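# Chain and residue survey
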Amino acid sequence: MKNFKKLLLIACSVLMVIGLVACSKSDSVGNDKGKASSDKVEKKSYDKVVYAYATFNNIPNSDVLETVAEEINVITREKINVEVELLPIAIFDYSSSVSLTLQGGGQIDLFESLGDFNNSVSSDMAYDLTDMIDSYAAETKEIIGEDILKSTTKGGRIYGIPTYKPYALTPMVIYKQEIADELGIDMTQVKDIFDLTDVLRTVKEAYPDMTPLVPVQTGTSGVNMTIPEVDYLTDDYYSPKGILKGNDMTVIDYYGTEEFARLADLTRTWYNEGLILQDAATTTSTATELMSADNSFCYVASYSYPTEDTAASISAQTGGIPLGAVQIGEAYLDTTSINALTWMVSSTSKVPEAALKFLNLTFTDPDVINLLIYGIKDRDYVMDEEGFVSYPEGQDAASVPYTAQLSVGTLGNFFKMYPQEGTKKESLIWEEEQNQLAKKSPAMGFTFDSSEVKTEYSAVINVINQYLPGLLCGSVDPVEMIPEFRNKLSEAGLDTIIKAKQTQLDEWLKNN
Amino acid sequence: MKKVIKKKNRGLTKSGPLLLIALPGIIYLFINNYIPMFGVFLAFKDYSYVKGIFGSDWNGLNNFKYLFKQDAFLIIRNTLLYNFTFIILGTIFAIIVAILMCELGEKFRVKIFQSSLLLPNLLSWVVIGFIGYAFLNADTGFINNTLIKLMGSGKEVAWYTTPKYWPFILTIVYLWKNIGYSSIIYMASISGIDKSIFEAAKIDGAKKLEQIKHITIPMLKPTIIILTLMAVGRIFYSDFGLFYQVPMNSGALYKTTQTIDTYVYHGLMELQDIGMSAAAALYQSVVGFVLVITANAVVRKVDNDNALF
């Protein structure tokens, strides 16, 4: 037994030594590799940029990616002396995949923030672009404008470029046209969320087996987005903490507002009368799936496209059920609605200038943008005489070799992309106007840095996950639950978060 | 002295080839379990992508704070109670199943039963979550729609918003999934027991139940102790799939379904803070380590032969 123990000890120590040697070895190997690749780059004299983007479509295989990258490289070699490697990542792994690659020392030069601009900046993931933007991305800066660029500025430094697209989210009700016509419901009379109840009752009366309203996604009936003029102050729409309302610059508790209480009452009424899906708070089916079924009538959601276009595009996703859409609120722009999708150069990038130059092309060069989105002409898409794009005959999004068509609103400049068949060119004009006309939060440009209240954040998020879905879907009684919910929130430290937000906001107001 | 050295050498020559066989496993363990342990620094760092793991600023114990906020007591209670239940019930049921299997005798029947008991273990938690959903769904679920209607006794239950049923549901689901698998180890130990002991007992007039009580279970004791000790080491962890997928992550159930792993997951999905996740992992391992040492010390005191070390 004793011998065995000694042996074990020896074995362990030998392993430790081997491990250390292996560590140092792998380090040196890594360095050599780095050198080797930079040597290569010098020989060819093109900087290599890795462009990591989130895709909602299938990930194409590497041969196909190469062909698209090569087409892009033909342009970039000549224009900016850069070669690009495309790295599409499925949307649901995107954030973790990018952050793990960067931690592991892998190369990603350009990436997008999916909702967490602030986090990327406070953990030093993003390169400070302030000094480079004028020399390498001046055109982009001009297109986007100083105002919008403010949303990705922190402490006077620019850390990214927001995707240029229709920002303003307008709350709408999407409904089945045939049922509305049959029952003689005039949907244009629905002006706000509270008008919806009577419509739902009419439908329920005619079709007792139907659940007229379905949730837009897990845990929300969509009603939360209908509160007008809310600046979420950098928080997720689905778990707001401290917010600003209207022009008042005091940070308030979202769940203490009268509007929130009224909405919770409303959804409770729907739930009790069977007007909303009973397991709306837990179902993992998406609105489009639920709308494809026969026993649903409508859902509430916010989109950045005109009502007819939205209805047409969702109709296509539900297998061609004729849908209508009606606007039930006004769009409102706050910092998060713009910087939620921000393109950043990674702080570990060896070629930040080259990366920024390429990023600039994704905002300015239609050929580059459309190669990224639609792939290669006549293989992945066809274009008619009027310039509308569709899939080649007999093909669809799943069968063409390359497409990132569902990422249209996330890559570079949306307004330079070829329009898809079924949309109207006037819509683009409407959307660009909306960006200018939509009411903007007085705190536009302010971003909240949550790093000092991380502990409270994680506790508060847990409480919100626990109570909010039930309240937004009506499955719990608001009279009893809202006080309990708010109690738990303040125990978890919501007040500290609100105070921290107010302090940072006051500071920001002083400087702006 | 000479004798001792000789003996030592003999030990090495004897175990050398065996060690060689174990080498791939040891190397794997080292690469997979020891090298990543450098990451433990992260638990005390304010991680920055530019500065890297070792260059980031020290953060003291700040990363640990959120683990002791507010519901910490409830979450620790849930984690511990569930794991205790699983260890106790899991062991009891696994032994019963193993004994029954061994008594079946005929190979063909054993194979059929064993495969059907193992099947749930091969399903992923996501699938099991949806099987549960098919039973418990408020609108169309089997229990609400068929069972309760058949029994004619009134009210449908909103399963996914009523916390009080979930300790039972989760325990049943856990047992259903895991028993087949854990009974295999016990079956192996039972078939290792010398058959002549049973024969001798039979001649002495011992009935089946007496044989089980006086021979099988005492012979299984070492296996039970080792498996339990290993389970105790993981008592601060929870099976994430069970607690996240099976209740469909329903917020209203957190009172009885939230464990340390799901709490950390919920809190950090939005923050994506590497330091805080590392802190949670360190906290769990340290508590697990302390518990194993204590449990082993207790076993050693009571029954020295069966202690793990």
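Residues numbered from 1 in each chain as written. Chains lettered and ligands numbered in written order. Predicted model: local features only at pLDDT ≥ 70, side-chain atom pairs only at ≥ 80, totals over all residues.

## Remarks on the overall build of chain B
For chain B, the helix and strand inventory stands at 13 helices and two strands. Structurally, chain B occupies a C-alpha span of about 70 × 60 × 35 Å along its principal axes. The buried share among the 309 residues of chain B stands at 27%. Of the contacts formed within chain B by residues at least 6 apart in sequence, a portion of 69% connects residues at least 24 apart. (Helix = DSSP H or I, 4+ residues; strand = E, 2+ residues; numbered from the N terminus. Buried ≥ 20, exposed ≤ 12 C-beta atoms within 10 Å, placed from the backbone. Contact = placed C-beta atoms within 7 Å.)

## Some words on the overall build of chain A
If you tally the helices and strands in chain A, you get 19 helices and 17 strands. Computed over the C-alpha atoms, the radius of gyration of chain A is 26 Å, within 12% of the 24 Å expected from 2.2 N^0.38 for a compact globule of 512 residues. In terms of its C-alpha atoms, chain A occupies a principal-axis envelope of roughly 75 × 75 × 60 Å. With 512 residues in all, chain A has 47% of them scored as buried. Relative to all contacts within chain A whose residues are 6 or more apart in sequence, the contacts with residues 24 or more apart total 78%. (Rg over C-alpha atoms; globule rule 2.2 N^0.38 Å.)

## Describing the interface of chain A and chain B
Counting from both sides, the interface comprises 39 residues of chain A and, opposite them, 36 residues of chain B. Those elements that provide at least two residues to the side of chain A that touches chain B are helix H1 (2-44), helix H3 (94-103), helix H17 (454-473) and helix H18 (478-492) of chain A. Residue contributions to the side of chain A that touches chain B peak at 13 residues, all from H17(A). When grouped by side-chain class, the residues that make up the side of chain A that touches chain B number 14 nonpolar, 19 polar and six charged. (Nonpolar A, V, L, I, M, F, W, Y, C, P; charged D, E, K, R; others polar.)

## As for the packing of H17(A) against H18(A)
All names here are of chain A. The N-to-C vectors of H17 and H18 enclose an angle of 175 degrees; their axes lie 9 Å apart at closest approach. Here H17 lies roughly antiparallel to H18, going by the angle between them. Of the residues in H18, those in contact with Glu456, Ala459, Val460, Val463, Tyr467, Gly470 and Leu471 of H17 are Pro478, Met481, Phe485, Lys488, Leu489 and Ala492. (Axes fitted to C-alpha atoms, helices over the stretch in contact; angles between N-to-C directions. Parallel < 35°, antiparallel > 145°, perpendicular 65-115°, else oblique.)

## Things to note about the packing of helix H2 (residues 62-80) of chain A against helix H14 (residues 352-364) of chain A
All names here are of chain A. It is the contact of H2 with H14, at a shortest axis distance of 11 Å, that shows an interaxial angle of 120 degrees. With respect to their mutual orientation, H2 and H14 come out oblique. Handedness of the crossing formed by H2 with H14: right-handed. Two secondary-structure elements touch here, H2 through Thr76, Lys79 and Ile80 and H14 through Lys357, Phe358 and Leu361. Of the residues that constitute the contact of H2 with H14, the class distribution is three nonpolar, one polar and two charged. (Left-handed = near helix turned anticlockwise from the far one by under 90°.)

## Quick word on the confidence of the model for chain B
The predicted model of chain B has a mean per-residue pLDDT of 85, with 95% of residues at 70 or higher. Here the complex is predicted with pTM 0.77, and the ipTM for its interfaces comes to 0.75. (pLDDT = per-residue confidence, 0-100.)

## Let's talk about the nonpolar core
Counting 175 residues, the largest nonpolar core has Leu110(A), Val173(A), Ile174(A), Tyr299(A), Phe358(A) and Val460(A) as its most contacted members. Ranked by residues supplied to this core, first place goes to H17(A) with 11 residues. In terms of nonpolar packing, the next biggest core, distinct from the first, is built from nine residues, Ile95(B), Val97(B), Ile179(B) and Leu220(B) among them. (Core = buried A, V, L, I, M, F, W, Y, C linked by C-beta atoms within 7 Å.)

## Re helix H13 (residues 274-302) of chain B
With 29 residues, H13(B) extends 42 Å between its outermost C-alpha atoms, agreeing within 8% with the 42 Å of an ideal straight helix rising 1.5 Å per residue. Buried residues of H13(B): Ile274(B), Gly275(B), Met276(B), Ala278(B), Ala279(B), Ala280(B), Gln284(B) and Ala295(B), and no others. (Expected span 1.5 Å × (residues − 1).)

## What to know about the sheet that holds strand E12 (residues 323-327) of chain A
Residue and element names in this part refer to chain A. Strand order in the open sheet made by the three strands is E11-E7-E12, with antiparallel pairing throughout. Unpaired on one side and paired on the other, strand E11 (298-303) and E12 mark the two borders of the sheet. Between one strand axis and the next, the sheet turns through 30 degrees on average, direction left out of account. The pairing of strand E7 (residues 170-176) with E12 spans five bridges and is antiparallel. If you follow lysine 176 over to E12, its bridge partner there is leucine 323. Helix-sheet contacts for helix H12 (residues 307-317) involve E7, E11 and E12, and the interaxial angle to E12 is about 145 degrees. (Pairing = 2+ DSSP bridges.)

## Let's talk about the sheet that holds strand E9 (residues 242-245) of chain A
Residues and elements named next belong to chain A. If you walk across this open sheet you meet the three strands as E8-E9-E10, and the pairing is antiparallel. Either end of the sheet is taken by a strand with one partner, and the two such strands are strand E8 (230-231) and strand E10 (252-253). One ladder, built from two bridges, connects E8 with E9; its direction is antiparallel. Looking at the pairing, valine 230 lines up with lysine 245 of E9.

## Digging into the environment of Val382(A)
All names here are of chain A. By the element assignment, valine 382 lies in strand E15 (residues 382-383). Overall, the presence of 16 C-beta atoms within 10 Å leaves valine 382 in the partly exposed class. Sequence spacing of valine 382 and aspartate 47 is 335 residues, and the spatial spacing of their C-alpha atoms is 32 Å.

## Observations concerning the environment of Ile464(A)
All names here are of chain A. Relative to the helices and strands, isoleucine 464 resides in helix H17. For isoleucine 464, a count of 27 C-beta atoms within 10 Å puts it in the buried group. Taking C-alpha positions, isoleucine 464 is 22 Å from threonine 335, a pair spaced 129 residues apart along the chain.

## Quick word on H2(A)
Residue and element names in this part refer to chain A. Along its length, H2 reaches its greatest deviation from straightness, about 30 degrees, at asparagine 73. Of all the positions in H2, only Val68, Ala69, Ile72, Thr76 and Ile80 are classed as buried. Buried positions along H2 lie against strand E2 (82-90), H14 and helix H15 (366-374). In the stretch just after H2, asparagine 81 is the one whose phi turns positive, near 60 degrees. (Bend = angle between axes of the 7 residues up to and from the residue.)

## Quick word on the pairing of E9(A)
Residue and element names in this part refer to chain A. Note that E9 and E10 share two bridges and pair antiparallel. Bridge pairing in E10 places isoleucine 243 opposite isoleucine 252. Connecting E9 to the antiparallel partner E10 that follows it, the hairpin turn spans six residues, and glycine 246 within it adopts a positive phi of roughly 60 degrees.

## Quick look at the pairing of strand E3 (residues 110-114) of chain A
Residue and element names in this part refer to chain A. Of all five residues that make up E3, four are buried, and the element is covered over most of its length. Relative to strand E14 (residues 341-345), E3 is paired through five bridges, and the arrangement is antiparallel. Following the sheet pairing, glutamate 112 is matched in E14 by tryptophan 343.

## Let's talk about unusual backbone geometry
Residues and elements named next belong to chain B. Positive phi, close to 50 degrees, is recorded for methionine 248, a residue that is not glycine. In this structure, methionine 248 sits in the loop between helix H10 (240-244) and helix H11 (254-257). Although it is not a glycine, asparagine 249 sits at a positive phi angle of roughly 50 degrees. Position of asparagine 249 among the secondary structure elements: in the loop between H10 and H11. On the basis of neighbour counts, which here come to 22 C-beta atoms within 10 Å, the residue asparagine 249 falls in the buried class.

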